[in-house]
Amino acid sequence: MTERALVLEHGGMHFDGVRAVEDVSLRLEPGEVLGLIGPNGSGKTTTLNMLSGVLRPSEGRILLDGVDVTRKPLRSRARDGLVRTFQSVKVFGRLTVEENIEAAALGAGMRRAEARRVAVETLSELGLEALAEVRADAVPAGQVRSVGIARAIALRPKYLLLDEPAAGQNEAEALELIRIIASFARERGLGVLLVEHDMTVVMGTCDRLHVLDSGQTVVSGDPETIRTDPQVIEIYFGKG
Ligand SMILES: Nc1ncnc2c1ncn2[C@@H]1O[C@H](COP(=O)(O)OP(=O)(O)OP(=O)(O)O)[C@@H](O)[C@H]1O
């Protein structure tokens, strides 16, 4: 039986002697929202880059529903259902938000009618209908990442990796956005890996958290376990 999960096994990433990530193993199941947290420089983005195919790990392997995709590039992983967002969102400024999403769906091989339907559907699923007819270059700065997320979700991925999706928004807006994504993910069986700095947002939305420090796993578990873990408390409140 094929195992349905996105798995990083003993992942390591070294840059010219800098050990950015060392022996990190994690597992994301369908319908689960997993928060990847840790202080600045702890290896979150590097881990996300390895999982998505931006970086090829120096060590370890990545399994997508049981298939080894370690050597597959980003685009090929996306076709297999593993999609990510980036911190900087590049849009076609002269097109509307809906047209931008449609373009992404077309680029992923959907026919025009299907791409149009998916674009409309995705905006409504994410509560972003008001942006549909807005030109992408006129979208308020705080909502540009939401356009990036809508574009990723329109590809109907099995696993979605979000790199600080709520940056630029205040805590209440961030909570609302991630809650919408989380409930969508649980309903549709989409696995979401979330890199996010705001602990209130993470604690209030994730099923499980994986904590990194200095490129290594500290602990992983449900939000309550993490909140009371002495090592996590030390990392977040004990330094400085
Ligand atoms: N291309 C690179 N070359 C050299 N070192 C790198 C490279 N990318 C990351 N690093 C180093 O790897 C470590 C982990 O960085 P990473 O960006 O993954 O951390 P992060 O947890 O995402 O940080 P932040 O929260 O600040 O975004 C850091 O020490 C960083 O300086």
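Note that residues are indexed from 1 along each chain, following the sequence as it is written. For a predicted model such as this one, the threshold for reporting local features is a pLDDT of at least 70, and the threshold for listing and counting side-chain atom pairs is 80 or more; totals across whole chains, interfaces and linings nevertheless cover every residue. Neither water nor hydrogens contribute to the side-chain values; these are computed over all heavy atoms in the structure.

Asks: I keep staring at the packing of aromatic side chains and nothing clicks. Help me out?
Replies: How two aromatic rings sit relative to each other is given by the distance of their centres and the angle of their planes. Only Phe, Tyr and Trp rings take part, Trp by its six-membered ring, and two of them pair if their centres are within 6.5 Å. Stacked means planes under 30 degrees apart, edge-to-face means over 60, and tilted covers everything else. Tallying each qualifying case throughout the model produces zero aromatic pairs. Whether a charge lies above a ring is judged from NZ of Lys or CZ of Arg, which has to be within 6 Å of the ring centre and within 35 degrees of the ring normal. It is R84 that lies over the ring of F86; its NZ or CZ is 4.0 Å from the centre.

Asks: Can you help me understand the environment of A5 in this one?
Replies: Only DSSP runs of H or I reaching four residues or more are called helices, and only runs of E reaching two or more are called strands; each is numbered from the N terminus. Within the fold, A5 resides in the segment before β1 (6–15). A5 sits 149 residues away from A154 along the chain, and the two C-alpha atoms are 20 Å apart.

Asks: What is the right way to read the pairing of strand β10 (residues 216–221) from this model?
Replies: DSSP bridges decide pairing: two strands pair if at least two such bridges lie between them. Bridge count between strand β9 (residues 208–213) and β10: five bridges; the pairing is antiparallel. Looking at β10, one finds that H210 is bridged to S220. If you look at the hairpin formed by β9 and β10, you'll find two residues sitting between the two strands, and S214 has a positive phi there, around 50°.

Asks: How do you make sense of empty space enclosed by the protein when you look at a structure like this?
Replies: Using a probe with the size of a water molecule, rolled over the atoms, empty space left in the structure can be pinpointed. A pocket here means an open set of points on a 1 Å grid, computed over the protein atoms alone, that has protein on both sides within 12 Å along at least five of seven lines. A cavity is instead a set of points where a 1.4 Å probe fits but cannot get out; residues with an atom within 4 Å of a point line either one. Grid points are joined across faces, edges and corners, and a volume is the space filled by probe spheres set on the points. With the rule as written, the count across this model stands at one cavity of 30 Å³ or more. In this structure, the largest cavity is lined by T85, F86, V89, R145, I149, D163, E164 and P165. We call Asp, Glu, Lys and Arg charged. Ala, Val, Leu, Ile, Met, Phe, Trp, Tyr, Cys and Pro are nonpolar, and the rest, Gly among them, are polar. Here the residues of the lining of the largest cavity sort into four nonpolar, one polar and three charged.

Asks: Mind showing me how you'd approach the sheet that holds strand β7 (residues 159–163) here?
Replies: Pairing between sheet strands relies on hydrogen bonds along the backbone, with the strands arranged either parallel or antiparallel. Read across the sheet, six strands follow the order β6-β7-β8-β3-β9-β10 without closing on themselves; strand pairing throughout is mixed. With partners counted over all chains shown, the strands left at the sheet margins are β6 (82–84) and β10, one partner each. For this sheet the average axis-to-axis angle between neighbouring strands, irrespective of direction, equals 15°. Whether two residues touch is decided by their heavy atoms; if any such pair falls within 4.5 Å, the residues are in contact. Every angle, taken between N-to-C directions, lies between 0 and 180 degrees, and every axis is a line fitted to C-alpha atoms, over only the stretch in contact when it is a helix. Where helix α1 (residues 44–52) meets the sheet, it contacts β3 (33–37), β6, β7, β8 (191–195) and β9, and its direction lies at approximately 150° from that of β7.

Asks: Before we go on, may I ask you to explain the packing of helix α3 (residues 97–107) against helix α4 (residues 112–125) in this structure?
Replies: Two packed helices can be described by the angle between their axes and the distance between those axes. Between α3 and α4, whose axes approach to 8 Å, the crossing angle comes to 130°. When the axis of α3 is compared with that of α4, the two are oblique. As for the relative orientation of α3 and α4, their crossing is right-handed in sense. Contacts from V97, E98, I101, E102, A105 and L106 of α3 reach α4 at R112, A115, R116, A119, V120 and L123. Residue classes in the contact of α3 with α4 are distributed as eight nonpolar, no polar and four charged. Convention used here: angles under 35 degrees read as roughly parallel, angles over 145 as roughly antiparallel, angles from 65 to 115 as roughly perpendicular, and any remaining angle as oblique. In this scheme the crossing of two helices becomes right-handed for a clockwise turn of the near helix relative to the far one and left-handed for an anticlockwise turn of less than a right angle.

Asks: For this particular structure, what's the right way to read the domain arrangement of the protein?
Replies: When the parts of a complex come together, some accessible area is lost, and that lost area is often used as the size of the interface. The split into domains, and so the bounds of each, comes from an automatic or database assignment of domains. Domain annotation of the protein identifies domain 1 (29–56 + 72–81 + 157–240) and domain 2 (90–155). Counting residues at the interface gives 14 residues for domain 1 and ten residues for domain 2. Together domain 1 and domain 2 conceal approximately 1100 Å² of surface at their shared face, both sides included; 65% is due to carbon and sulfur atoms. Defined here as a combined quantity, buried area equals the accessible surface (1.4 Å probe) lost by two parts on assembly, summed across both. When residues of domain 1 are sorted by the area they lose upon contact with domain 2, P157, I180 and F184 head the list and together hold 36% of the total. Take a side-chain nitrogen of Lys or Arg and a carboxyl oxygen of Asp or Glu: if they are within 4 Å of each other, that pair is a salt bridge. Viewed at the interface, domain 2 and domain 1 are joined by one salt bridge. Linking E125 and R188 is a salt bridge whose minimum nitrogen-to-oxygen distance equals 2.7 Å. A 3.5 Å cut-off defines polar contacts: any pair of N or O atoms within that distance qualifies, except that in protein one atom must be a possible hydrogen donor and the other a possible acceptor, and neighbouring residues in sequence count only when both atoms are side-chain atoms. Counting the contacts that link domain 1 with domain 2 gives three residue pairs in polar contact (both at pLDDT 80 or more). Those elements that place two or more of their residues in the side of domain 1 that touches domain 2 are β7 and α6 (171–188). Ranked by residues supplied to the side of domain 1 that touches domain 2, first place goes to α6 with five residues. For the side of domain 1 that touches domain 2, the class distribution of residues is nine nonpolar, two polar and three charged.

Asks: Would you explain the pattern of salt bridges in this entry?
Replies: Pairs may arise between side chains of opposite charge once their charged atoms sit close together. Scanning all chains against the criterion turns up 19 salt bridges. For R117, the salt bridge is made with E121, and the minimal N-O distance between the two is 3.0 Å. With R117 and E121 both in helix α4 and four residues apart, this pair spans about one turn of that helix. Between R186 and D207 there is a salt bridge, with the nearest N and O atoms lying 3.0 Å from each other. A residue pair is termed long-range when its members are at least 10 positions apart, and R186 in helix α6 and D207 in the loop between α7 (199–205) and β9 qualify at 21 residues. When salt bridges that share partners are traced, they join R117, E121, E125, R156 and R188 into one network.

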